[in-house]
Amino acid sequence: MADDSTIRFQAGQTGLIVRIPAAEPAVRAWRERFDPSARAGVPAHITVLFPFLDESRIDARVCSALADVLGRYRAFDLRFERCGRFPGLLYLVPEPGTRLQRLTEVIADRWPEAPPYGGQFAEIVPHLTVADHQDDAVLDEIEADLLSKLPFQCRVSSVDLIVYDGAEWQERASFALLE
C-alpha cells in the first residue's frame, strides 16, 4: 500500500478538477488502494490546477472570475485508450490532452500566484492518476488490468472546485463549460 506519510493534504487547500465518472468502473478499486486522493474523497479526475488558492481566498469574486474564464471554453470529449507513467505513478492518458492543458494555462495565467503543482514541473501533462508511490511490479499488474478495460470516452462539460476540510475533499462549486 502507498506510504501516506509522503503525501499530505492541508486543510484549506483547493484544487480545480475535471471529474471522469466513466473511469470509475475501471479505476476505483485500484485508486482506493494506491491513490491517497481517492481515500480522501476525490473521485476519478484530471487535475486542472492544484494547488489553487487557499480556501480563505475563495469568495464570490473568485467564483465569478472562474465562471467567466471557464465559461468561455466549449465542452469537449476525451478518449482513454492507454496508460502512461511517471516514476512510481501510473495514469490513464486523456486524448486529446490539449484542451485540458489550455484550461490549466488560462487559469494559471489569471492567478499566477497558483502555478500548476506549485511550480514543481515545467510541463503540463494531463493525466488521471490510478496509482502513486508504487514500484514497477505493482504498476505492471495494474496496467495489465486496465488495458483490458480500455478504451472508454467521456464528455467534459464542467470544472469543479474542491476543498480539503482536514479530513476529506469536498466539492465547493462547479463551473460549466459552453455546450
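Worth saying up front: this structure is predicted, and the values here are computed from it rather than measured.

Chemist: So what's going on with the packing of aromatic side chains? Residues and values would help.
Modeler: Enumeration over the complete set of coordinates arrives at nine aromatic pairs. For the ring pair Phe-9 and Tyr-164, a centre distance of 5.5 Å and an interplane angle of 55 degrees mean the geometry is tilted. In this pair, Phe-9 is assigned in the segment before strand 1 (14-19) and Tyr-164 in strand 7 (residues 158-164), connecting sequence segments 155 residues apart. A relative accessible area of 9% places Tyr-164 in the buried class. Judged by centre distance (6.3 Å) and plane angle (20 degrees), the ring pair of Trp-30 and Phe-34 falls under stacked. Pair noted here: Trp-30 and Phe-34 are both in helix 1 (residues 24-34), with a separation of four residues, about one helical turn. Accessibility expressed as a relative area gives 12% for Trp-30, which makes it buried. Under the relative-accessibility criterion, Phe-34 is labelled buried at 5%. By way of ring pairs, the aromatic residues Phe-9, Phe-50, Tyr-164 and Trp-169 are connected into one cluster. Between Arg-110 and the ring centre of Trp-111, over which it is positioned, the NZ or CZ distance is 4.5 Å.

Chemist: Quick one: what's the story with the environment of Asp-140, residue by residue and with numbers?
Modeler: Checked against the element boundaries, Asp-140 lands in helix 5 (residues 136-147). For the pair Asp-140 and Arg-155, spaced 15 residues apart in sequence, the C-alpha separation works out to 28 Å.

Chemist: Before we move on, could you go through the nonpolar core and cite the residues and values that matter?
Modeler: Formed by 50 residues in total, the largest nonpolar core has its most connected members in Ile-20, Phe-52, Phe-80, Leu-92, Ile-107, Leu-128 and Leu-146. Among the elements that take part in this core, helix 3 (residues 60-70) stands out by supplying six residues, more than any other. Leaving out residues up to four positions away in the same chain, Leu-146 has contacts with Ala-26, Val-27, Trp-30, Cys-83, Leu-90, Leu-92 and Val-130. Listed in part, the six residues of the second largest apolar core include Ile-17, Val-42, Ile-162 and Trp-169.

So, how was this worked out
Residues numbered from 1 in each chain as written. Predicted model: local features only at pLDDT ≥ 70, side-chain atom pairs only at ≥ 80, totals over all residues. Heavy atoms only, no water. Phe/Tyr/Trp six-rings, centres within 6.5 Å; stacked < 30°, edge-to-face > 60°. Helix = DSSP H or I, 4+ residues; strand = E, 2+ residues; numbered from the N terminus. Buried < 20%, exposed > 50% of the residue type's maximum accessible area, 1.4 Å probe, protein only. Lys NZ or Arg CZ within 6 Å of the ring centre and 35° of its normal. Core = buried A, V, L, I, M, F, W, Y, C linked by side-chain atoms within 4.5 Å. Contact = heavy atoms within 4.5 Å.

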